Each structure stands twice: as structure tokens, then as C-alpha cells.
Amino acid sequence: MSPHATRRVFTSKGQTDGCSPPLSLIPMAQSIRRDSPELPDFSLLKRLARDQLIYLLEQLPGRKDLFIDADLMSPLDRIANVSTLKQHEVDKLYKVEYKPIVSTSDQLCFLIRPRLQSVKWICDVVNADKAAGKFRRYKLIFTPQKFYACENVLEEQGIFGDVTTDEWAFHLLPLDDDIISLELPEFFRDYFLEGNQRWVRTAGSALHLLHSLYGPFSKVYGIGRCSKMAYESWREQVEEGEQKGCDGEIGSVFLFDRDVDYVTPMCSQVVYEGLVDDIFRIKCGCVEFGPEVTSSDKSLKVMLNSQDKVFNQIRNEHFSNVFGFLSQKAKNLQTAYDKRCGMDIKQIKTFVSEELKGLKQEHRLLSLHIGASESMMKKKTKQEFQELLKTEHSLLEGFDIRECITFIEEHINRQCSMIESLRLLCLLSLTENGLLSKDYKSMKAQYLQSYGVDHLPTFSNLKQLGILVEQPTGETLTAMENKVGKLVNDRAAGKLTDAFSSLAKKSHFRALSRRLNLVPKSDEEYDLRVPKDMAYIFSGAYVPLSCKLIEQVLERDGWTGLEEVTRLLNGQEFAASGCSEADGKARSDTQRTILVMFLGGCTFSEISALRFLGKEKGYKFIIVTTAITNSARLIEALLDNRA
């Protein structure tokens, strides 16, 4: 059986599991519609960001040392590499490490996120220089924007007049042809847990930039309170600026709050790109493969995007299909090499000049992805992973819940991965609308006993977000709903933090699943090699709620007919016309180019699902996200056992 098979049947008709599939079936997701529009060219976003950064650096003329926030180094490398910085008189580059500096330059430039910790460290650097009698020029560049709180720290520390501050409006980083990231992983915790709205205007500004360059947008849909605020921020900025003509490249926009769907990121990813992210961690579109993949004693950083021809053909594939494709690819490559036999001198010369370089590059990439697949196979084909997937699918279907609880308890008591155990607990809670009181207390106690009581605050965070909760009794639930309902309906409700509002949230997963048909019938055979819907990204067990909502809204041209669904999702949905006055060409290329913005993070599985939907319906989806996320990143953002 395939390593990803559970009690559902996931096969290709007329073919035995484990055999290489015919090449005709790969890549997956053949275009059912071949009239999909072309994507806009987002390289302009990089050029604009680079030009602005160079301008800011030149505001500090002469040679200077540049200190960069650790999590800005990878994005910066995608915008302006070291040689570009050197051309503009940057002498040495340092990573911000919150310790005394060793730079001897007379001019220091700091490129940082607007975090108080970074600003306080810079204050220490400046004050240390003052105490030592050193006189230097200092420039602080905040990105994507500077906050009053940061300037307030500079003033409190007495160095406001000793430094100059600026803002690098680096809002959007294109990671691929159809993926753009704000590279703000802290967005999720800041907004959804702590109720800090400081990044909302940043999201609105990112939307405004896209609107200015690729708009106007014809329609805007959204769901979630953060989405509504980001939309309103964008509208304010549009009204303040100049109106654009009606020759945009993007039609509709869909804004989506991460807390509308926590189930999807809590599921194990089984498409190739998602698995690579889960195991090797894709960072800023780049992954580092270790010696076990490269078959050498060195690690290798690889850019994963559509320019990698091998990766581009397997990135959206269910993992069980990947080896068959790579095997066939290797045979085709060998056939191409073997063409040299029997060639005359002129033909060999043509072959070397036109084909050999490309074949060698393809061979190198193929070797890497075969190595990565083998490494992942070792980790994911164990009996434990098969049992884990079976448990997940049972939770999604609502079957054998007692057996699932037993499996999770064993997972905790054997002290398997701490994050994995917590993820399973969260998925159980989300799909069952909370845990029974005795189960919650028992499993919480077992978890703390296995992994340490310092994880107690994490349970509080998960409860606050409604991710891992205890089912209240009927009377308690009614009283709480009435109390919070009055608060939420009050005019002052907008002042409540989202953390408090989450008290009113319930998962309602079962009801949503039935209404939207999120879980296909388990008695049907699901062919993963020729998938019929977006459920293939989870082995045919589950259609991601986020993507299903987007599909339904686009089909209905709004939320009409989805009233019961939005009620179960606590409302906050909206639909509005954009700034375009010309809606005549309803099915033009522009109208079929859809921008989806995830506030709080998006998984590679969701991206694969939307690509499938686009090919099926003739859409082109552009994914904008505050950051790429997965279950591990989402849970890590909520851990509170950090010193």
C-alpha cells in the first residue's frame, strides 16, 4: 500500500500500488480549462523595493557598516545582494545579535523591524559610544514601517537627536510567479493572540501597493475582522491618493483571516512542497538540503520556485506520485544523453552548445529532488506515520474518536514530538468542537507530565484562540454566549481585543463539513493520480475550508446563499465593489485573475489546492500572505515556555 493510504482507498484504477504511474498521468492536475489568464509580472515589486533601499542608504553618504535584523537577511538577499550593497558604499555587513558591536566605521546604519528590543539595543550601542568618547553618525531604517513606540524609546533613552530615522516601505516580497509574502511571521501572534493591531495598516498598505501597480480591483470579498480592517485601511489610502484608470491586471480580491480556518493548517501536509516545508523548512522561498540529500559532506541551499523545472512539475503532487514521476524523468534524461551516440562532429557540436548545459542542470536538480524524496520517505513511510494519518482522517470524518484519543495519549506518553502531540490535540478539539471535560483534563495533565509544566501558558493561549478548549456544560455555554453576545453586539465592541472576542468562537466543524461537503464520502475510491477535487491535497480525506469558501464565493459572486455558513463562522464577512468602473468584460483575463490575501499565514497545501481550482475553473490565483505557515510554525508562535 502507499505510505499515505489509510482505510480510505487511494489508488489509480488498473494499476497496482507501488508501481510507477504512466507518464500520461503526470503531472497531476491537468488543465481542464486551457484559457487561464497570464499572471502579472511581480518583479516590479522587487525593483521598487531595491531602488528605495538604495535611496535610503545614499542618504548616509560615504562608507558605512550595515547591521541587519536576522529575519531580514533572507528577504534582503532576494532584493539586493551583497555586491549591490557594496556598490552603494556599504563596507561591512553584520547580523543584529544584541551584544556589543565590533565595528570601527564612523557611520552605522541599522536595518531593523520595528521591535522595541532592537531599538533598545541600538540605544545601548549609541550610549556606549558616548561613554567611550566615540563620535559616529547613526541611521535607523525601519521596515516595513516605523512605530511611535520605537521613537518614544529613542527619546526616553536620550538619543533621539543623535540618530536619524527612516522607513523602508518593503511590504511585499515575490517568492514565485504566484506567491507574494509580507514576511511577517509575527503577524499571527501579534494580532490573533495579543490583539495588537499594529500590522493591520501594513496589510492595507500592501494591498494599496498592489492596487496602485496592478489594479484597479473590480470586487473585494473577505471574511474575518482583521480582513475587514485591512480592507478599510486600503480604502482610506485609495481615497487619499490618485484614482487609477481601468486597465488593471487583477480582477477580484479575497481577504481571509487565519482564525476562520484552523483545521487546515493543523493537518499533515502530503503534497511535495508542503512535505519539504514540514521537514526541511522552506524559508523565504529557499531550502537548505543537508548531506543526507546532497550525497556529499556539504549542505546546499536551493531556491524552490517555478524556475526549477523538476520542482515545478512535482510541487503540487501528492507525495505518493512523486517517485513515479522522478523515475520516468530520469529515464527521459538518460534517453536525451544517449542521443550523442551515432552523432557526427557537427551534430555533437550543436548538442553541446544547445542542449548539454540544460541537461546537466536538469540532472543536478533531479538528483536533489530524488535525494529529498528518499529522505522524506524514510521519515514518512514508517508505520507510525500511517497510523498518524489514519487518526487524522478519522478525526476529520468523525469516526472512531475513542480510538483517536487512545492514539494521541500513546503519542504523548511515549514522548514523541512535542509539537506533533499538541497538533493532534488541537485537531481533536477543532473537529469535535472542544474536548469533553474529563478528556481535556486528563490529556492536558499527561502532556504537562511528558513535556514539562512550563507549557501550561501555551494551553492558555490555545484556549484563548479557541483552538484547544474544554466543552462547557449546556448551562455554562448558554450563559457565556449570552454574555459575550451582548458585548459583541454593543457599539463599543470594536474596542474589544480579538483575544476577548475569541471567547464567543466555536469550531462548528461538523456542521460546516456537512454544508460544504468538506469530507468526501469514505466509501468512494479516490484516485490520487487523477484527482477530482481539492481534497487530493489531504489524500482525498478533506477539502480545505479556506479554499472551499473561496470557491463558493467566486461561484456565487458573493456571500448570497452562504448565510448559514457565515453564521457558523461568526460572521464578519463582506463583499464590496472595488475601484473599477468597467465591469463589462465579466469573464475577461483580468476578471479571472484572483488575488487571495491570507492574514495570519497560509500553507503550501492551500496554495496547491488553489492552483488545482484555478486549473479546473480557468482562474489564475495570486496568493498574498503575511507569511508561509504550517502546523509547527503556528503552534510555535503560541508557545509560551520561552525564556
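Up top is the structure these notes are about.
Residues numbered from 1 in each chain as written. Predicted model: local features only at pLDDT ≥ 70, side-chain atom pairs only at ≥ 80, totals over all residues. Heavy atoms only, no water.

J.: Would you explain the pattern of salt bridges in this entry?
T.: A side chain with one charge can pair with a side chain of the opposite charge if their charged atoms come near. Under the criterion given, the structure shown has 29 salt bridges. Two residues, Arg-189 and Glu-194, come together in a salt bridge whose shortest N-O distance is 3.1 Å. The partner of Glu-420 in a salt bridge is Arg-423, and the shortest N-O contact between them spans 3.2 Å. Taken together, the residues span about one helical turn, with Glu-420 and Arg-423 both in helix H16 (residues 418-431) at a distance of 3 residues. (Salt bridge = Lys/Arg side-chain N within 4 Å of Asp/Glu carboxyl O. Helix = DSSP H or I, 4+ residues; strand = E, 2+ residues; numbered from the N terminus.)

J.: Is there a simple way to explain empty space enclosed by the protein in this structure?
T.: If a probe the size of a water molecule is rolled over the atoms, the empty space left behind becomes visible. According to the stated counting rule, one finds 3 cavities of 30 Å³ or more in the structure shown. Space inside the largest cavity adds up to approximately 80 Å³. For the largest cavity, the full set of lining residues is Leu-175, Asp-176, Ile-179, Glu-273, Ile-282, Cys-284, Gly-285, Leu-304, Arg-315, Phe-604 and Ile-628. Of the residues belonging to the lining of the largest cavity, the class tally is 7 nonpolar, 1 polar and 3 charged. (1 Å grid on protein atoms, 1.4 Å probe; cavity = no way out; pocket = protein on both sides within 12 Å on 5 of 7 lines; lining within 4 Å. Points joined across faces, edges and corners; volume = space filled by probe spheres on them. Nonpolar A, V, L, I, M, F, W, Y, C, P; charged D, E, K, R; others polar.)

J.: Any chance you could explain a negative patch on the surface here in plain terms?
T.: On the surface, Asp-41, Asp-177, Asp-247 and Glu-249 cluster together to form a negatively charged patch. Relative to the elements of secondary structure, Asp-247 occurs in the loop between helix H8 (225-240) and strand S9 (252-257). (Patch = residues over 30% accessible without salt bridge, like charges linked within 9 Å, V, L, I, M, F, W, Y side chains within 5 Å. Areas by Shrake-Rupley, 256 points an atom, 1.4 Å probe, with all protein chains shown as cover. Lys, Arg positive; Asp, Glu negative; His and termini not counted. Charge placed at Lys NZ, Arg CZ, Asp CG, Glu CD.)

J.: Help me understand the packing of helix H14 (residues 383-397) against helix H15 (residues 401-413), please; the structure alone is not making it clear to me.
T.: The relative placement of two packed helices is expressed as an angle between their axes plus a distance between the axes. Contact geometry for H14 and H15: axes closest at 9 Å, N-to-C directions at 140°. In terms of their interaxial angle, H14 and H15 are classed as oblique. Every pair of crossing elements has a handedness; the one defined by H14 and H15 is left-handed. Facing H14, whose interface residues are Glu-384, Glu-387, Leu-388, Thr-391, Ser-394 and Leu-395, H15 presents Ile-401, Cys-404, Phe-407 and His-411. Taken together, the residues of the contact of H14 with H15 sort by class into 5 nonpolar, 3 polar and 2 charged. (Axes fitted to C-alpha atoms, helices over the stretch in contact; angles between N-to-C directions. Parallel < 35°, antiparallel > 145°, perpendicular 65-115°, else oblique. Left-handed = near helix turned anticlockwise from the far one by under 90°. Contact = heavy atoms within 4.5 Å.)

J.: What is the right way to look at the packing of H14 against H16 in this model?
T.: Packing of H14 against H16 leaves a shortest axis separation of 9 Å and a crossing angle of 20°. By the angle between their axes, H14 is roughly parallel relative to H16. As H14 runs across H16, the sense of the crossing is left-handed. Contacts between H14 and H16 pair Leu-388, Glu-392, Leu-395 and Leu-396 from the former with Glu-420, Arg-423, Leu-424, Leu-427, Leu-428 and Thr-431 from the latter. Its residues assigned to classes, the contact of H14 with H16 shows 6 nonpolar, 1 polar and 3 charged.

J.: Honestly, the pairing of strand S6 (residues 173-176) in this entry has me stumped. Any pointers?
T.: Successive side chains on a regular strand alternate, one facing one side of the sheet and the next facing the other. Where S6 and strand S7 (residues 179-181) come together, 3 bridges link them in antiparallel fashion. Counted as the bridge partner of Asp-176 is Ile-179 from S7. Here S6 hands over to S7 after 2 residues, the two strands then running antiparallel side by side. (Pairing = 2+ DSSP bridges.)

J.: Whenever I open this one, the side chain of Ser-227 confuses me. Can you help?
T.: With respect to the helices, strands and loops of the structure, Ser-227 is situated in helix H8. Setting aside its immediate chain neighbours within four residues, Ser-227 contacts Leu-255, Phe-256, Asp-257, Phe-574 and Leu-599.

J.: Explain the packing of aromatic side chains here, please?
T.: Centre-to-centre distance and the angle between the planes together describe a pair of aromatic rings. Going through the model one piece at a time under the given rule, you end up with 27 aromatic pairs. Seen in terms of ring centroids, Tyr-191 and Phe-192 are 4.9 Å apart; in terms of plane orientation they differ by 85°. Their pairing is edge-to-face. With a relative accessible area of 1%, Tyr-191 lands in the buried category. Overall, Phe-192 belongs to the buried group, its relative accessible area being 2%. Ring pairing ties together the aromatic residues Phe-67, Tyr-94, Tyr-98, Phe-110 and Trp-121, which thus form one cluster. (Phe/Tyr/Trp six-rings, centres within 6.5 Å; stacked < 30°, edge-to-face > 60°. Buried < 20%, exposed > 50% of the residue type's maximum accessible area, 1.4 Å probe, protein only.)

J.: Whenever I open this one, the sheet that holds strand S2 (residues 90-95) confuses me. Can you help?
T.: Strand pairing in a sheet is mediated by backbone hydrogen bonds. Such pairs are either parallel or antiparallel. Taken together, 5 strands build an open sheet; the order of strands is S2-S1-S3-S4-S5 and the sheet is parallel. With one partner strand each, in any of the chains shown, S2 and strand S5 (163-167) form the two edges of the open sheet. Put simply, the sheet's adjacent strands are angled 20° from each other on average, direction ignored. Where strand S1 (residues 64-68) and S2 come together, 4 bridges link them in parallel fashion. In the strand pairing of S2, Phe-67 is matched with Tyr-94.

J.: Explain the nonpolar core to me, please; I cannot follow it from the model alone.
T.: Nonpolar side chains tend toward joint burial in soluble globular proteins. Grouped together as the largest cluster of nonpolar side chains are 168 residues, with contacts concentrated most on Trp-168, Leu-210, Ile-467, Met-597 and Phe-621. Per-element accounting of this core gives the leading share, 8 residues, to H16. Leave out the neighbours within four places in its chain, and Ile-467 touches Tyr-262, Met-266, Cys-426, Ser-429, Leu-430, Leu-462, Leu-634 and Leu-638. By size, the runner-up hydrophobic cluster in this structure holds 20 residues, among which are Val-96, Val-119, Tyr-138 and Cys-150. (Core = buried A, V, L, I, M, F, W, Y, C linked by side-chain atoms within 4.5 Å.)

J.: What should I look at first to understand the sheet that holds strand S12 (residues 573-577) in this one?
T.: One open sheet holds the 7 strands; their spatial order is S6-S7-S14-S13-S9-S8-S12, and the pairing between them is mixed. Where the open sheet ends on each side, the last strands, each with one partner, are S6 and S12. When the angles between neighbouring strand axes are averaged without regard to direction, this sheet yields 20°. Bridge analysis of S9 against strand S13 (residues 593-599) gives 6 bridges, and the strand direction is parallel. Directly across from Phe-254, in S13, lies its bridge partner Val-596. Relative to the sheet, helix H24 (residues 604-617) contacts S7, S13 and strand S14 (620-625), its axis offset from that of S14 by approximately 160°.

J.: Would you explain unusual backbone geometry in this entry?
T.: Note: most peptide bonds trans; most residues except glycine with negative phi. Looking along the chain, the bond that leaves Thr-143 and enters Pro-144 is cis, with omega of 5°. Within the secondary structure, Pro-144 is located in the loop between strand S4 (137-142) and helix H5 (148-156). With omega at 5°, the peptide bond leading from Gly-215 into Pro-216 counts as cis. Structurally, the position occupied by Pro-216 is in the loop between helix H7 (200-214) and strand S8 (219-223).

J.: Help me understand the layout of surface pockets in this model?
T.: One number sums up the size of the largest pocket: a volume of about 1,200 Å³. Taken together, the elements giving at least two residues each to the lining of the largest pocket come down to helix H2 (73-79), helix H4 (116-132), helix H6 (186-193) and helix H25 (631-636). The element contributing the most residues to the lining of the largest pocket is H6, with 4 residues. Across the lining of the largest pocket, the residue classes tally to 15 nonpolar, 7 polar and 15 charged.

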